[in-house]
Amino acid sequence: MTTHGSATTRGGLSIRQAERVDLLAIVRIENASFPQPWPYDAFETFLGEPGFLVAETVEAQIAGYVVSDVTPNYGRDIGHIKDVAVHPGCRGDGVGSALLGRSLAVLSSHGVSSVKLEVRESNEGAKRLYRRFGFDPLRRVPRYYDDGEDAIVMVRELE
């Protein structure tokens, strides 16, 4: 069921475009999820982007978010999933899968032919999620993260 730009999933979770009022909750989830979190103003720059989505519970709590965008690349646009996180209390409930699925649909609707993302080499849970969605490892980027950890670039072609 889709109404006013949001989609409702099983369990009453709705996915919609992020709004300014969501930013504090998003930053709290970011800070709880990553050793080197994005600052508030980084999220602020993505407001209004179709690929900046939040998952909201029936109690109107932000359960997670995804930031993605479209990058022109020699006439063949590429989707880029930049950040995904789920509130620690909501992990394992399908929030990440719902966000990723909706993000891929948004990117596809904007004409991208493939989607890429970077994931910490040590983040096994995220890598499993991305593989379930058809992402394949493409290459390793040494010392991608500020703490020196390598990133794995993963790519998925869209139909």
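Basis of the calculations
Residues numbered from 1 in each chain as written. Predicted model: local features only at pLDDT ≥ 70, side-chain atom pairs only at ≥ 80, totals over all residues. Heavy atoms only, no water. Axes fitted to C-alpha atoms, helices over the stretch in contact; angles between N-to-C directions. Helix = DSSP H or I, 4+ residues; strand = E, 2+ residues; numbered from the N terminus. Parallel < 35°, antiparallel > 145°, perpendicular 65-115°, else oblique. Left-handed = near helix turned anticlockwise from the far one by under 90°. Contact = heavy atoms within 4.5 Å. Phe/Tyr/Trp six-rings, centres within 6.5 Å; stacked < 30°, edge-to-face > 60°. Lys NZ or Arg CZ within 6 Å of the ring centre and 35° of its normal. Salt bridge = Lys/Arg side-chain N within 4 Å of Asp/Glu carboxyl O.

Caption draft 1: Up close: the packing of helix H3 (residues 95–109) against helix H4 (residues 124–132). At their nearest, the axes of H3 and H4 sit 11 Å apart, and the two run at 45° to each other. The orientation of H3 relative to H4 falls into the category oblique. As for how H3 packs across H4, the hand of that crossing is right-handed. Judged by residue contacts, Gly-96, Ser-97 and Leu-100 of H3 engage Leu-129, Tyr-130 and Arg-132 from H4.

Caption draft 2: Spatial organisation of the packing of aromatic side chains. Applying the stated criterion to the full structure yields six aromatic pairs. Above the plane of the ring of Tyr-145 lies Arg-120, whose end atom (NZ or CZ) is 4.2 Å from the centre.

Caption draft 3: Representation of the pattern of salt bridges within the structure. Taken as a whole and assessed by the stated rule, the structure comprises twelve salt bridges. Salt-bridge contacts for Arg-120 lead to Asp-147; the nearest nitrogen and oxygen are separated by 3.1 Å. With Arg-120 in strand S7 (residues 114–120) and Asp-147 in the loop between strand S8 (136–141) and strand S9 (151–157), this pair connects stretches of sequence that are 27 residues apart. In this structure, Arg-140 and Asp-150 form a salt bridge, with 3.9 Å as the shortest nitrogen-oxygen distance. Of this pair, Arg-140 sits in strand S8 while Asp-150 sits in the loop between S8 and S9; the two residues are ten residues apart in sequence, bridging distant segments of the chain.

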